[in-house]
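Read off the chains here:
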Amino acid sequence: MENSFEDLIASYIENKVGISEHFLSKELADNLKQNLLDLNQKILLSEAGIGNSEKLSYDGAIRSDSIYWLDKTHNNVFENAFFAQIEAFIIYLNESCYAGITGYEFHYSLYEKGDFYLKHLDQFKNNPSRKYSMISYLNSNWKESDGGELMIHQENNNQKISPTQGKTVFFKSNELVHEVLVTQNTRMSITGWLKSD
């Protein structure tokens, strides 16, 4: 587990984008994916908004995915295993990098064929509590023709990241403009933020 943590931190220090190919085990990723599919079948996902609760809007021309917030009160064994992994990473990050992270929030994200999310920053202008963004992908057998890459925009170094199962991406929420390119297949992830309130 600590190897995947170190992969995230080392690649983040090198390139401002941390990537671990195996942050989630295959078993956990499979179970989280099935949980997301079950929630979607029960019509429990909601249209994703833009902004926070103080300034929330909906615009399918900017963002077209659906989400479901994870919460320990759901008492879902797989969500709680994911939270345990995140909490262990936060301890490791705070001890090794003095990051000062005090909390987190995560949701499932589901993109159907044709969905996308245009360029944006993750930190709100009216609330700086989101410090780091983390995305863990749940897509097995993903092909280049499926699209749906995470495009991170950096000066002279745009980075296109394929959303393959088990991979986790980590970057500063107030620093990197990014987008989700149009997907040609059902694309699933857990997306969230490490926070300092």
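Every value quoted in this text rests on a predicted model; they were computed, and no experiment measured them. (Residues numbered from 1 in each chain as written. Predicted model: local features only at pLDDT ≥ 70, side-chain atom pairs only at ≥ 80, totals over all residues. Heavy atoms only, no water.)

*Asks:* Is there a simple way to explain the overall build of the chain in this structure?
*Replies:* When helices and strands are counted, the chain shows three helices and eleven strands. For the chain, the N- to C-terminal ordering of α and β elements is α-β-α-β-β-α-β-β-β-β-β-β-β-β. Expressed along its principal axes, the backbone C-alpha trace of the chain runs to roughly 40 × 40 × 35 Å. Here the analysis covers contacts within the chain between residues at least 6 apart in sequence; of these, 77% occur between residues at least 24 apart. Positive and negative charge centroids in the chain, built from 18 and 27 side chains respectively, lie 4 Å apart. (Helix = DSSP H or I, 4+ residues; strand = E, 2+ residues; numbered from the N terminus. Contact = heavy atoms within 4.5 Å. Lys, Arg positive; Asp, Glu negative; His and termini not counted. Charge placed at Lys NZ, Arg CZ, Asp CG, Glu CD.)

*Asks:* Looking at this model, I keep getting lost on the sheet that holds strand β8 (residues 159-161). Mind explaining?
*Replies:* Pairing between the strands of a sheet is mediated by backbone hydrogen bonds and can be parallel or antiparallel. One open sheet accounts for four strands, arranged β5-β10-β7-β8; its pairing is antiparallel. Across the chains shown, the open sheet's two edge strands, defined by having one partner strand only, are β5 (117-120) and β8. The mean angle between the axes of side-by-side strands here comes to 15 degrees, regardless of whether they run parallel or antiparallel. The pairing of β5 with strand β10 (residues 177-180) spans two bridges and is classified as antiparallel. From the neighbouring strand, Tyr117 faces β10, where its bridge partner is Val180. (Pairing = 2+ DSSP bridges. Axes fitted to C-alpha atoms, helices over the stretch in contact; angles between N-to-C directions.)

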